[in-house]
Amino acid sequence: MSVLTPEFLSVVPQFLSMDSETSVRGLEGLLRLCFDREPSASERYLMLGYNVSVPSYVRQGLFSRAFHNDDLLPKIRKPVLITHGAADAIVKPTVVDQHKRAMPHAQVQLMENTGHAAFWDDASSFNERLHAFCGSL
C-alpha cells in the first residue's frame, strides 16, 4: 500500500463499491489515472466495459488480499526488466528503486511520457525495449 499514490487510493472506495453507479465512477477514475496519453472515447469505453464486467466482490477480494514477496526478489536469478512510466499516477516511482535494490541485475526502463499503462501510452517504444531485452537473453 505504501507504493500506491494518494490519487489512486482516493478512487479505491468508489471502484470497490457495490453500488453500480459509484463503481463505474470509480473505474472511470482508475482509467484516467492509468494513462498519460488519453485514450479515445471508443478505447476508454472498451476498457471501462471489460473493467465493469468484473463484479465488485471480485475487485474487493483482489484488493483485500495480503501478500509480501519482497523476500523472494533477491532470490530471482533470471533476467528481469523493470518498466515504469515516468508519469505513473498509480504506483510511486520509489518502487523501482526498491525492486532494483533487491535485484541488482535487473534492467530498468523508465519510460518518459507514459503512465501506469506504459505499454499503451507508447506501445512502439515499449515493444522495442521488450524486444531488445528478450533478444539479449
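See the structure shown above.
First, a word on what this report is: a plain description of the structure on this page. This is a predicted model, so every value here is computed, not measured.

1. Examining the overall build of the chain
Link 1 in the chain: Counting its regular elements, the chain contains 7 helices and 2 strands.
Link 2 in the chain: Overall, the chain shows an N-to-C arrangement of helices and strands of α-α-α-α-β-α-β-α-α.
Link 3 in the chain: Overall, the C-alpha framework of the chain stretches about 45 × 35 × 25 Å when taken along its three principal axes.
Link 4 in the chain: For the chain, the proportion of its 137 residues judged to be buried stands at 34%.
Link 5 in the chain: Total accessible area computed for the chain in this model is approximately 8600 Å², and 59% of it derives from carbon and sulfur atoms.
Link 6 in the chain: Where the 13 positive side-chain charges of the chain centre and where its 15 negative ones centre are 9 Å apart.

2. Some remarks on the packing of helix α2 (residues 20-34) against helix α3 (residues 41-52)
Link 1 in the chain: At a closest axis distance of 10 Å, the pairing of α2 and α3 adopts a crossing angle of 125°. The orientation of α2 with respect to α3, classified from their angle, is oblique. Note that α2 runs across α3; the crossing there is right-handed. Along its contact with α2, which presents Val24, Leu27, Glu28 and Leu31, the element α3 presents Arg44, Met47, Leu48, Asn51 and Val52.
Link 2 in the chain: A per-class count over the contact of α2 with α3 returns 6 nonpolar, 1 polar and 2 charged.

3. Quick notes on the side chain of Thr114
Link 1 in the chain: Topologically, Thr114 is positioned in the loop between β2 (107-111) and α6 (118-121).
Link 2 in the chain: For Thr114, a relative accessible area of 0% corresponds to the buried category.

4. Focus on the pairing of strand β1 (residues 81-85)
Link 1 in the chain: Here β1 lies mainly inside the structure; 4 of its 5 residues are buried.
Link 2 in the chain: Here 5 bridges tie β1 to β2, and the two strands are oriented parallel to one another. Residue pairing across strands places Gly85 opposite Met111, the latter belonging to β2.
Link 3 in the chain: Taking the sense of rotation as the criterion, the β-α-β connection linking β1, helix α5 (residues 94-102) and β2 turns out right-handed.

5. What about the packing of helix α1 (residues 6-15) against α2?
Link 1 in the chain: Where α1 contacts α2, the two axes come as close as 7 Å, and the packing angle between them is 155°. Considering the angle they form, α1 stands roughly antiparallel to α2. Note on packing geometry: the crossing formed by α1 with α2 is left-handed. Across the interface between the two elements, Glu7, Phe8, Val11, Gln14 and Phe15 of α1 pack against Thr22, Ser23, Arg25, Gly26, Leu27, Gly29, Leu30 and Leu33 of α2.
Link 2 in the chain: Residues of the contact of α1 with α2, tallied by class, amount to 6 nonpolar, 5 polar and 2 charged.

Each value, and the rule that gives it
Residues numbered from 1 in each chain as written. Predicted model: local features only at pLDDT ≥ 70, side-chain atom pairs only at ≥ 80, totals over all residues. Heavy atoms only, no water. Helix = DSSP H or I, 4+ residues; strand = E, 2+ residues; numbered from the N terminus. Buried < 20%, exposed > 50% of the residue type's maximum accessible area, 1.4 Å probe, protein only. Areas by Shrake-Rupley, 256 points an atom, 1.4 Å probe, with all protein chains shown as cover. Lys, Arg positive; Asp, Glu negative; His and termini not counted. Charge placed at Lys NZ, Arg CZ, Asp CG, Glu CD. Axes fitted to C-alpha atoms, helices over the stretch in contact; angles between N-to-C directions. Parallel < 35°, antiparallel > 145°, perpendicular 65-115°, else oblique. Left-handed = near helix turned anticlockwise from the far one by under 90°. Contact = heavy atoms within 4.5 Å. Nonpolar A, V, L, I, M, F, W, Y, C, P; charged D, E, K, R; others polar. Pairing = 2+ DSSP bridges. Right-handed = clockwise from strand over helix to strand, strands pointing away.

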